[in-house]
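Commentary on secondary and tertiary structure
Each chain, written out:
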Amino acid sequence: RGVRRPSARGAAPGTGRHLRGLPASLARPDPGLAHLLDAQVRALSNLASGLPSPEARARLLGAPLEGALRFAPGRALRSLVRRRLEQAHGEVRVAPGPFELVEIDGHPGLVLRRARDAWLGRALVLNAPAGRLGAFLSEAGGEVPDFLRVAPPPRRRAAIQLRAAPEVLPEAMADRVLLVGDDADPIRVTVHPGERGARHVDLTASAAVDEGADLAGAHDRLEAAVRALLPFSEQRVARVAEAPRPIWDDELALGDPAGAGGGWPTEVEIRAPLRPPVFVLPREELAGLGPEGDLLLGWQAGDAIAAALPKPALG
C-alpha cells in the first residue's frame, strides 16, 4: 500500500516561500549538479521522452526527502482491490499463471496454459496501454473500438528482480538508489522487504529503453550494475525468473501526454466508452509524477468505477 509521510510545513524566516517549481537556488545549477538533477527526474518519471512540468519536476526532486511516497511491506493494496471486486461481483477467481482470452458460444472467458477447462466470465484488465490492447484485439480477429486505435507506447521500462541476503547490502545504502552513467538512461534500484521473511531482501532495477530494444541485453546490463553495487555478493544474489512478457497488459509501457507540460495532477478525464465496463485511464497525463502519479490515477479511477457500479439493493 502507498502511504504519505508528513513533511515539515512552513519555511524558516527570510527564506521566502515558493509556490511553483524549483527554489531560486536551483534555478540555474552548475553543470555537474544539473546532470544529477536531470538524471533523477528521468529515473523517477514515467514519461517516455517528454519533460515534466516545473511543478512535477520539483516534486520528483523532493521525492528522496522525508515526506515523499513510500511503499509499506505486504499485499494490502492487492487485498483491498480483491475485497472491492468481491463486494461488487460476489466471487472473484485469480488466474495463477499465464492464460489466453477466448470466446465460447458467444460468452467471454479465459483458458489457463496447460489446462483442460475454461473459465467463463468477465476479465479485469489493469494497466493495459490502449494501443497495445487494440493491437492484440486486431491480431485476434476481434473488433477494435475507435478509442483503442492509437499508436503503441514509444518507450518502456526494462526491469528485473533480484533476491539477495541482507548482509550483502552496504550499511549506508538507502532503500532507493540512482545509478547515473554518462550516456545511458539512469538505473533506478529499489530495495523491498523479502516476501520469504527476513532472510532475504528483494531488489528491483529498471531503466527506460526504446520500444523494440534488446530487452535481454538491457536486463543483463541492469543485473551487472546492481552486482557491481553489492560487494562480496557472489553466490548470495540471485536473479528471479522473469514472467513471460504480456502482449496486452504491460504496466512498464511509457507514454507522453498529448499537451505540452503535462504530468501534473489536474482534473484527469477518465472516460467510459459506450460499451461499459471499459474505462480509459490517461496514465501519461500523470506520468511526470512517476509512482505517485500511478497511485493518484488509481484513486481517481476507483472513484469513477465505484460510481458506475450498480448500487446493491437494501433490505
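This text goes with the structure placed above it.
Predicted model, so just to flag it, every value in this text is computed and none were measured. (Residues numbered from 1 in each chain as written. Predicted model: local features only at pLDDT ≥ 70, side-chain atom pairs only at ≥ 80, totals over all residues. Heavy atoms only, no water.)

The end-to-end C-alpha distance of helix α5 (residues 215-229), which contains 15 residues, comes to 21 Å, matching closely the 21 Å that a straight helix rising 1.5 Å per residue would cover. Inspection of α5 places Leu215, Ala218, His219, Leu222, Glu223 and Val226 among the buried residues, and these make up the whole buried set. The buried residues of α5 occupy one face: seen down the axis, they fall within an arc of 135°. Contacts made by the buried residues of α5 are with β6 (155-164), β8 (187-193), β9 (201-210) and β10 (237-239). (Helix = DSSP H or I, 4+ residues; strand = E, 2+ residues; numbered from the N terminus. Expected span 1.5 Å × (residues − 1). Buried < 20%, exposed > 50% of the residue type's maximum accessible area, 1.4 Å probe, protein only. Arc of directions from axis to C-beta. Contact = heavy atoms within 4.5 Å.)

There is a patch of nonpolar side chains on the surface, built from Leu33, Leu36 and Val180 and spanning about 210 Å² of accessible area. Note on placement: valine 180 falls in the loop between β7 (176-179) and β8. (Patch = residues over 30% accessible without salt bridge, like charges linked within 9 Å, V, L, I, M, F, W, Y side chains within 5 Å. Areas by Shrake-Rupley, 256 points an atom, 1.4 Å probe, with all protein chains shown as cover. Salt bridge = Lys/Arg side-chain N within 4 Å of Asp/Glu carboxyl O.)

Counting buried residues along β8, five of its seven residues qualify, which places the element largely inside the surrounding structure. Across four bridges, the pairing between β7 and β8 is antiparallel. Bridge assignment links leucine 178 to a residue of β8, and that residue is arginine 188. Note: β8 against β9, six bridges, orientation antiparallel. Along β9, the bridge assignment pairs arginine 188 with serine 206. (Pairing = 2+ DSSP bridges.)

This part is about the nonpolar core. Soluble globular proteins: nonpolar side chains tend toward being buried together. The biggest cluster of nonpolar side chains holds 24 residues, and the ones touching the most others in it are Leu169, Met173, Val189 and Leu203. Secondary structure elements with two or more residues in this core: β6, β7, β8, β9 and α5. For this core, the element with the most residues is β9, which contributes five residues. Not counting residues up to four positions away in its chain, the partners in contact with leucine 203 are Ile160, Gln161, Leu162, Ala164, Leu169, Met173, Val189, Thr190, Val191 and Val226. Of all hydrophobic cores here, the second largest spans seven residues; its members include Leu133, Phe136, Phe147 and Trp248. (Core = buried A, V, L, I, M, F, W, Y, C linked by side-chain atoms within 4.5 Å.)

With that settled, consider the sheet that holds strand β4 (residues 107-112). Here three strands make up an open sheet; going across it, the order is β3-β4-β5 and the pairing antiparallel. Strands at the two margins of the open sheet, each flanked by one partner only, are β3 (99-104) and β5 (118-120). Strand-to-strand twist across the sheet, computed as the mean angle between neighbouring axes with direction ignored, equals 35°. Pairing of β3 with β4, which is carried by six bridges, proceeds in the antiparallel orientation. Counterpart to leucine 101 in the pairing with β4 is leucine 110. (Axes fitted to C-alpha atoms, helices over the stretch in contact; angles between N-to-C directions.)

With that settled, the discussion passes to the environment of valine 180. On the basis of relative accessible area, valine 180 is assigned to the partly exposed category, the value being 36%. In contact with valine 180, other than residues within four places in its own chain, are His35, Leu36 and Ala39.

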